[in-house]
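# Report on the structure
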Protein chains: 6
Amino acid sequence: MAIVHLVTPIITEGIRCLDDVKPLEKFGIEIRHSILDAGPASIECEYDEALAVPDTINKCIEAEKGGADAIVIDCMGDPGVRPSREVVSIPVLGPMETSMRLAATLGSRMAVVTVVDGVVPMIENLARIYGVTERFAPVQVIDLPVLEIEKDLERTKALLCEASQQAVEKDRADVIIFGCTGFLGCTDAIQKHLAERDLSVPVLDPVPVTMMHAAAIANLGLSHSKRCYAPPRPKEIKGYPVGSVA
Amino acid sequence: MAIVHLVTPIITEGIRCLDDVKPLEKFGIEIRHSILDAGPASIECEYDEALAVPDTINKCIEAEKGGADAIVIDCMGDPGVRPSREVVSIPVLGPMETSMRLAATLGSRMAVVTVVDGVVPMIENLARIYGVTERFAPVQVIDLPVLEIEKDLERTKALLCEASQQAVEKDRADVIIFGCTGFLGCTDAIQKHLAERDLSVPVLDPVPVTMMHAAAIANLGLSHSKRCYAPPRPKEIKGYPVGSVA
Amino acid sequence: MAIVHLVTPIITEGIRCLDDVKPLEKFGIEIRHSILDAGPASIECEYDEALAVPDTINKCIEAEKGGADAIVIDCMGDPGVRPSREVVSIPVLGPMETSMRLAATLGSRMAVVTVVDGVVPMIENLARIYGVTERFAPVQVIDLPVLEIEKDLERTKALLCEASQQAVEKDRADVIIFGCTGFLGCTDAIQKHLAERDLSVPVLDPVPVTMMHAAAIANLGLSHSKRCYAPPRPKEIKGYPVGSVA
Amino acid sequence: MAIVHLVTPIITEGIRCLDDVKPLEKFGIEIRHSILDAGPASIECEYDEALAVPDTINKCIEAEKGGADAIVIDCMGDPGVRPSREVVSIPVLGPMETSMRLAATLGSRMAVVTVVDGVVPMIENLARIYGVTERFAPVQVIDLPVLEIEKDLERTKALLCEASQQAVEKDRADVIIFGCTGFLGCTDAIQKHLAERDLSVPVLDPVPVTMMHAAAIANLGLSHSKRCYAPPRPKEIKGYPVGSVA
Amino acid sequence: MAIVHLVTPIITEGIRCLDDVKPLEKFGIEIRHSILDAGPASIECEYDEALAVPDTINKCIEAEKGGADAIVIDCMGDPGVRPSREVVSIPVLGPMETSMRLAATLGSRMAVVTVVDGVVPMIENLARIYGVTERFAPVQVIDLPVLEIEKDLERTKALLCEASQQAVEKDRADVIIFGCTGFLGCTDAIQKHLAERDLSVPVLDPVPVTMMHAAAIANLGLSHSKRCYAPPRPKEIKGYPVGSVA
Amino acid sequence: MAIVHLVTPIITEGIRCLDDVKPLEKFGIEIRHSILDAGPASIECEYDEALAVPDTINKCIEAEKGGADAIVIDCMGDPGVRPSREVVSIPVLGPMETSMRLAATLGSRMAVVTVVDGVVPMIENLARIYGVTERFAPVQVIDLPVLEIEKDLERTKALLCEASQQAVEKDRADVIIFGCTGFLGCTDAIQKHLAERDLSVPVLDPVPVTMMHAAAIANLGLSHSKRCYAPPRPKEIKGYPVGSVA
């Protein structure tokens, strides 16, 4: 049994319905969840991300104290993943890193399908750091702000279907990654759309993908390298309750 | 419950003791195992690998027919992984690919510690294909043929300890990957050696690492992209019983 | 006088007509040829390739014993090139490696024009290992199985003309490489088609290109590095007559 | 006349003495300066950086409102550079990015000489994003926490001399970058040390280097691309006074 | 006050009107200028460039002797930049190198808009050496020889507008670089055209950009590394008056 | 029979003794040779190279007019190779490009052994353009000016032996490239030295290697792509007799 704690790094309540990940429980995963007390309503640019990170770190610290075996950050910008690894000893996984590495395993050319133009350079920088640039099809943008994803879920799915089809047909992508964790639960519709057009490829739903990997790593008794993610030196910190950690 | 089938791509009986992976059963993995009927006694060069691949493919086909949910090839050259993906629909994972991607997640600079000089160019080519070249510390070679690993296991561990220490101290590696699946079960000794010198880093034991990932991927209902690994066209094949598959 | 032995790594008799390479004799090349006894009828995926390799190695060993000065493998997947280099001391050249390096010398952006979708990821992986990814225009696929190339040679040439024109006009390729050695002898038609449209670029016919380079390397008294391609260690091998070599 | 505003992204008063940059005034630069109200006492890891970013963004917004023509962030982790570019329209420069690009212009192989081991992976990730990985000599670490730099400045300089000499003599670096803006003003000592050993190379003092470049860019009437750094969409933000910006 | 000497590496008088850079004087730059006595009328290929380089080096030597603080070569092929750095001690900057590095700072994906097809491979090779290949949108060619740029300046601007729009709209470029210094002074028209279509991005006019950077580097007291650009050894040189330098 | 014209791009008579390449005649190569009328006595930096290029181009034009089938430039900086390709239609090969590509074919890691420090950045830039950076062991420098190579040939060979041994033993190189064509004829001594230490690797003597490849390419009826190396547009050229070509 592995306790995987999902930290949704925004303040918006109710946006993450755990029903979609509940099926993972049958694989021996106990799911816990936090949202932020301080931060933005959604993450769509570097600025939003910057404001999300401090309390995300807090929530990771609390998750470890609460007994979690692994942590997953619920945002495709992987905000706070690296600093959190410095302050906890359990594995902290980002869904973009995990999805990109899995996509590279499952196929030869991945396409990220995402919300708005503003996140494209952020995604491309993550691809540089994770080393998958060379296998990267152009990012597909459906031009839909995060907080509107659930307003008309059928329209969202239709946009995702169209963008995914483009990526496979025109850009020769052979794996699709959802570029926003807000698309959780939409894989079936896309798979069906692609299958009907003889364009089937794996479509990665980053939150369940990353939670399963987090559990696997925790069960293996592994975590990130402390020679890479060394604990912060103690020092004065103003303006943050988290200052007490270091 | 996921059935993970381990294919040891050599003819040598008894070299793979399943006791070392038995602990994985408690994570809901049923372990199955095959060795080859045709192939080499061990794999230490491209030639050995070439002779191992055809029957490895056979064993993958049989594993799928036998009800496996995922397959792991038990060799760090990842022999037969790509052709097998063309003929089965369940995930087939190579331990080098899986370990390299995990190492890139857990740290910033990985070192492979392996058996003999002859496999170094093979490992470097895999790093090129898997896209981790830039995070690659020099491969450490302990100069011990595969079939001698178990002859004096204490000596093997001592060599692994020394090579791993070199990689961390001198080459700034922050994750160690065993470069031969024959080192299965040796992580504890290396971890202890490194910890005593304040050089602790994650040490990846590729077989359990890959089996856990294979189970996770199977449980997620995912497999490799058939647009990347298309099934072979039917055609005449001479000299192989496997010819009947296509 | 250099004896260059061409190993066609399939079992299909008559597919390789030596008339097309006969003109090379005037440059001091004695041409010898083998096809396989065990293997597939054609190579169109990793599976086919895997089954071709063991007997390809055999044929290389026999070619060296027979007095050849250099060996060329007659398939653009370069199957068996690396393992064969371990067991013979004369140069073994793959036509994809040789053509890619020559294309990089003759121009700035190469396009491979090939048979079917299934070989594209294989070709891209070879480009990664050979280091030409950055100069790679998208692979052009004419969607014609290998064994149908000669059924209607005029149609084959027409498809090659169209694909090559696309590569030059749309993708800015300035060198064309045939992505299947089965296109042997088709360069004149493509050159003419391109010249008539003021789109002339070098079109590489991989078999003669590679045979000439193999002769040059042999005449220089050079061969591959044995520190890179070390001879296999002796060990038991089951199910292969070649087992006796090591 | 260009007003360049230096934002020192820590809370420690007095650490940045403007005397060292005063000479820039003769080149038509008016220097302004802020430190943080909320954040860490120094930046030595990703965690420190994460806590520095939100108020750094604030200070950039205030700097622009106050009439600055360009902003320089006073830390070699380039914290907050990218999010700040989204919320201001004047150029925001990071000293690591600017120094790395200048070093690539002035020589062929750069070495960063920095404070502690913990920042090495951060620096290497910046090198990946800025595209200079291939020209990167190993980072030299003098093992001195930021807040101790000024405690014994002679010792600091001696450590910098030794590390720079190593980089030039042993690693063939031909340009040195200070990896901490806290080394401001130490170039003369290092230059002298290297010159006496016939090892002279340019030694980049990142703060003046970046302030001069910031003024040049502002004077040219240029700023970052708003198609890359789009303004944040308005949304609810909790726990930050900066929330009002968006 | 920094004296920046502009060397226009062609023999054509009157093509470089200094009026366009005159505004830089208000930033403390004294502008000096030379054209060649020996060389081509314009530079549009490697051959033209080769003939421009020897006298360009002469003009750099003279510029330094004349008291210049920095030199800018007035051609986007950066001809003579590297050899000139070996024979002078003041900074010598190429406008392509400087513009590419600035474009990488200001955005995430740059497009070069240039004169004729023949210079595209030269530009791509410079991108390789400067390390920006990965952020490179396809070069846009307006198919206008250098000496015709000023014949119908309105047509030139119209072609630049169209090409820049293509680069932003179709290729997702977020910074534009003029690929010929002959386009000096055309930025306003392009900026206006893009702004009217809501496609504003920075448009870099390489000569003023590079002169401002040259002044900044000179004012900082920096120059290129002599360990990278070592002075030539004295030796006999025939056919060149410059032979006397070495 | 292929006529291969060797252009030695310096003015020093007698430095290139054709006896060393005479053995190539038995492979059907007719050898012709030119040295420069205008240029430097030797090439050891970018400045020397710049002065060598214009007359090298002349000599290439004359060589083609004289009936040559292919041209080889006799210097490891490959000076004038690219501009010459624009003005002749026969293949022009550089020995560094040809040797680097052959080394990549024969092994996995190449080391260049060269004369002086000053050429190292030039060689590294060529490696960038030719795409072999990743397979590059550190360049070994024997610190011997070009014109002293033949003064004490035994000492030269001893230095080459030592440097090559270093490259193989310490840097794991498995192919050696002479980094100066002045080392012509020294391979036997190095091969013997390495063989005696059980360190045998291929040692490439660039002039014969490149002449054989040039003949092979010419015999195949191939040459460089005119879409990459377009002929110069006609224009006024001052100060060069070659001006008449364009």
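Reading the values: the criteria
- Residues numbered from 1 in each chain as written.
- Chains lettered and ligands numbered in written order.
- Predicted model: local features only at pLDDT ≥ 70, side-chain atom pairs only at ≥ 80, totals over all residues.
- Heavy atoms only, no water.
- UniProt positions renumbered as here; feature names shortened; annotations may be inferred.
- Phe/Tyr/Trp six-rings, centres within 6.5 Å; stacked < 30°, edge-to-face > 60°.
- Buried < 20%, exposed > 50% of the residue type's maximum accessible area, 1.4 Å probe, protein only.
- Salt bridge = Lys/Arg side-chain N within 4 Å of Asp/Glu carboxyl O.
- Helix = DSSP H or I, 4+ residues; strand = E, 2+ residues; numbered from the N terminus.
- Axes fitted to C-alpha atoms, helices over the stretch in contact; angles between N-to-C directions.
- Parallel < 35°, antiparallel > 145°, perpendicular 65-115°, else oblique.
- Left-handed = near helix turned anticlockwise from the far one by under 90°.
- Contact = heavy atoms within 4.5 Å.
- Nonpolar A, V, L, I, M, F, W, Y, C, P; charged D, E, K, R; others polar.

Named according to an unreviewed UniProt entry, chain A is Hydrogenase expression protein HupH originating from Hyphococcus luteus. Per UniProt, chain A carries the Sequence similarities (unreviewed entry) text "Belongs to the HyuE racemase family."

On to the packing of aromatic side chains, then. Aromatic ring pairs are defined here through the distance separating the ring centres and the angle between the ring planes. All names here are of chain B. Inspection of the entire model under this criterion finds six aromatic pairs over all chains. An angle of 80° between the planes, with centres 5.7 Å apart, marks the rings of Phe-178 and Phe-183 as edge-to-face. The buried category is assigned to Phe-183, whose relative accessible area is 0%.

A few words now on the pattern of salt bridges. In this structure the tally under the stated criterion is 78 salt bridges over all chains. Here Asp-37 of chain C ties to Lys-59 of chain C by a salt bridge, and the two come within 2.9 Å at their closest N and O atoms. Residue Asp-37 of chain C is found in the loop between strand 2 (29-35) and strand 3 (39-40), and its partner Lys-59 of chain C is found in helix 1 (residues 46-65); the two are separated by 22 residues along the sequence. Looking at Asp-37 of chain C, the relative accessible area reads 56%, which means it is exposed. Lys-59 of chain C sits in the buried class, given a relative accessible area of 5%. In the salt-bridge network here, residues are joined through shared partners; they are Glu-44 and Asp-48 of chain A together with Arg-233 and Lys-235 of chain D.

Each pair of packed helices can be summarised by the angle the axes make with each other and by the distance between the axes. Residues and elements named next belong to chain F. Interaxial distance between helix 5 (residues 153-169) and helix 6 (residues 187-196) falls to 9 Å at its minimum, and their mutual angle equals 45°. As the angle between them shows, helix 5 and helix 6 are arranged oblique. Our pair here, helix 5 against helix 6, has a crossing hand that is right-handed. Together, Lys-157, Leu-160, Cys-161, Ser-164 and Gln-165 of helix 5 and Ala-189, Ile-190, His-193 and Leu-194 of helix 6 make up the contact between the two elements. The residue makeup of the contact of helix 5 with helix 6, split by class, is five nonpolar, three polar and one charged.

Moving on, we come to the packing of helix 3 (residues 95-106) of chain A against helix 3 (residues 95-106) of chain B. Here helix 3 of chain A crosses helix 3 of chain B at 160°, and the two axes come no closer than 11 Å. Taken together, the axes of helix 3 of chain A and helix 3 of chain B are roughly antiparallel relative to one another. Helix 3 of chain B is crossed by helix 3 of chain A, and the crossing has right-handed handedness. Residue-level contacts link Glu-97, Arg-101, Ala-104 and Thr-105 of chain A of helix 3 of chain A to Glu-97, Arg-101, Ala-104 and Thr-105 of chain B of helix 3 of chain B. Along the lines of polarity and charge, the residues of the contact of helix 3 of chain A with helix 3 of chain B split into two nonpolar, two polar and four charged.

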